[in-house]
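Report on the structure
The lines below spell out each chain.
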Amino acid sequence: MSAIDNTILFVKQQLENAEGGHDWFHIERVYKNALLIAQGEECDLTVVKLGALLHDIADSKFHDGDESVGPKTARAFLEKEKVEEPTIVHVINIIENISFKGGNFEKKFHSKELEIVQDADRLDALGAIGIARTFNYGGFKNRPLYNPAISPNLTMSKEEYKNSESPTLNHFYEKLLLLKDKMNTETGKKIALERHQYMENFLSRFYAEWDGEK
């Protein structure tokens, strides 16, 4: 089997018991998004594929905030697969620079492949699936759906964002609704715009029902 096929099997095994918003199916959706976006870009498709498949191999949220686990896990696997060192380095850079991290994180690495995988990942945080993932994670962390007394914090540092325990609805304002303007590729921007509007409509309906309106 190819390195890509082996990576798919590896990721499925690693994420077998993962939280529903960060499981294999999340990876699969990001992988499909990345392939779609890559069609309109000049890029190294192997790096895009491996970056998409391994971007959440050990999300720091589920490893006590340790951001080194993912890159180490990915490197060990890719070395075992005898992937060329420049490709491994590129994939590690994607893993280390893909996350939103409160929106105040300055990327230390730039490449077209990172832009593609980052857009693909962000698209999965938008629209109907983005809404479902957000509330699934909120339930996983036992957070309230909404508390009108707790306002969203739009000026969080990376550490504040990582440790936030605010109501789930606040996450729409602290991350999800900001993603539309942070997309890198034209394909990503186009898809994000439609998914963004879907979330705006959901929020309008949510508040109406919360306030007892028909």
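Residues numbered from 1 in each chain as written. Predicted model: local features only at pLDDT ≥ 70, side-chain atom pairs only at ≥ 80, totals over all residues. Heavy atoms only, no water.

Within the element layout of this structure, Ala-125 appears in the loop between α6 (112–123) and α7 (127–140). A relative accessible area of 8% places Ala-125 in the buried class. Aside from chain neighbours lying at most four places away, what touches Ala-125 is Gly-130, Arg-133, Leu-176, Leu-179 and Met-199. (Helix = DSSP H or I, 4+ residues; strand = E, 2+ residues; numbered from the N terminus. Buried < 20%, exposed > 50% of the residue type's maximum accessible area, 1.4 Å probe, protein only. Contact = heavy atoms within 4.5 Å.)

Below, the discussion takes up unusual backbone geometry. One non-glycine residue, Lys-82, lies in positive phi territory at about 60 degrees. Along the chain, Lys-82 turns up in the loop between α4 (69–80) and α5 (85–97). The backbone of Asn-142 sits at a positive phi, close to 60 degrees, despite the residue not being glycine. Mapping Asn-142 onto the fold places it in the loop between α7 and α8 (158–163). Exposure remark for Asn-142: the relative accessible area of 70% places this residue in the exposed category.

As a further point, take the pattern of salt bridges. One pass over the structure, following the stated rule, counts nine salt bridges. One salt bridge connects Arg-133 with Asp-124, and the closest N-O pair in it is separated by 3.6 Å. By the burial criterion, Arg-133 is buried, and Asp-124 matches it. Overlapping salt bridges, with partners in common, bring together Arg-29, Asp-124 and Arg-133 in one network. (Salt bridge = Lys/Arg side-chain N within 4 Å of Asp/Glu carboxyl O.)

Here the focus is the side chain of Arg-133. In this fold, Arg-133 is placed in helix α7. Those residues in contact with Arg-133 that sit more than four places away from it in its chain are Gly-21, His-22, His-26, Arg-29, Asp-124 and Ala-125.

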